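Tertiary structure, described
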Amino acid sequence: RRVADVCHGCRRCFNLCNSFPKLFQLIDQSSTGELDGVPSKDFKAVADDCTLCDMCFLTKCPYVPPHPFNLDFPHLMLRHKAAESK
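One structure accompanies this document, and this report is about it. Because the structure is a prediction, the values reported are computed rather than measured.

Empty space within the largest pocket amounts to approximately 300 Å³. Forming the walls of the largest pocket are 14 residues, and the residues nearest its centre are R1, A4, F43, L76 and M77. Where the lining of the largest pocket is concerned, the elements lending two or more residues are α1 (2-10), α3 (43-49) and α5 (73-85). Grouping the constituent residues of the lining of the largest pocket by class yields 9 nonpolar, 2 polar and 3 charged.

What follows concerns the environment of H80. One can find H80 in helix α5. A sequence separation of 69 residues divides H80 from R11, and the C-alpha atoms of the two residues are 21 Å apart. The contacts of H80, once residues within four sequence positions are left out, are K44 and A47.

Attention now moves to the nonpolar core. If you look at the biggest cluster of nonpolar residues, it comprises 20 residues, and the most contacted ones within it are C7, F20, L23, F24, F43, F73 and M77. Looking at this core, the elements that each hand over two or more residues are α1, α2 (19-28), α3 and α5. Discounting chain neighbours no more than four positions away, the residues touching M77 are V46, A47, C50 and L52.

What follows is about the side chain of S30. When you line up the elements, S30 lands in the loop between α2 and α3. S30 gets classed as buried once you look at its relative accessible area, which sits at 13%. Reaching out from S30, the side chain makes a polar contact with the backbone oxygen of E34 at a distance of 3.0 Å. Discounting chain neighbours no more than four positions away, the residues touching S30 are G37 and V38.

Parameters at a glance
- Residues numbered from 1 in each chain as written.
- Predicted model: local features only at pLDDT ≥ 70, side-chain atom pairs only at ≥ 80, totals over all residues.
- Heavy atoms only, no water.
- 1 Å grid on protein atoms, 1.4 Å probe; cavity = no way out; pocket = protein on both sides within 12 Å on 5 of 7 lines; lining within 4 Å.
- Points joined across faces, edges and corners; volume = space filled by probe spheres on them.
- Helix = DSSP H or I, 4+ residues; strand = E, 2+ residues; numbered from the N terminus.
- Nonpolar A, V, L, I, M, F, W, Y, C, P; charged D, E, K, R; others polar.
- Contact = heavy atoms within 4.5 Å.
- Core = buried A, V, L, I, M, F, W, Y, C linked by side-chain atoms within 4.5 Å.
- Buried < 20%, exposed > 50% of the residue type's maximum accessible area, 1.4 Å probe, protein only.
- Polar contact = N/O pair within 3.5 Å; in protein donor to acceptor, adjacent residues only side chain to side chain.

In short, shape yes, function no, at least from these values alone.
Structural data, given as structure tokens:
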């Protein structure tokens, strides 16, 4: 949720893979219009749409290391997919 919250606030990645528009739509259309209104189960659709191309990490995200936020969206999606396949 921390990564989703930072991504939602920035939105520089909106035009990359479909996972970002889906994430932003989930949050914007939630009951609160904020991240706390999105059920955890709904994040599966975001992970499913990630192609693991690393474009967000390599070219768009200003919060990748060495930034203190230390975001790595593709790695997070990979971890989700690995956990889901167990």
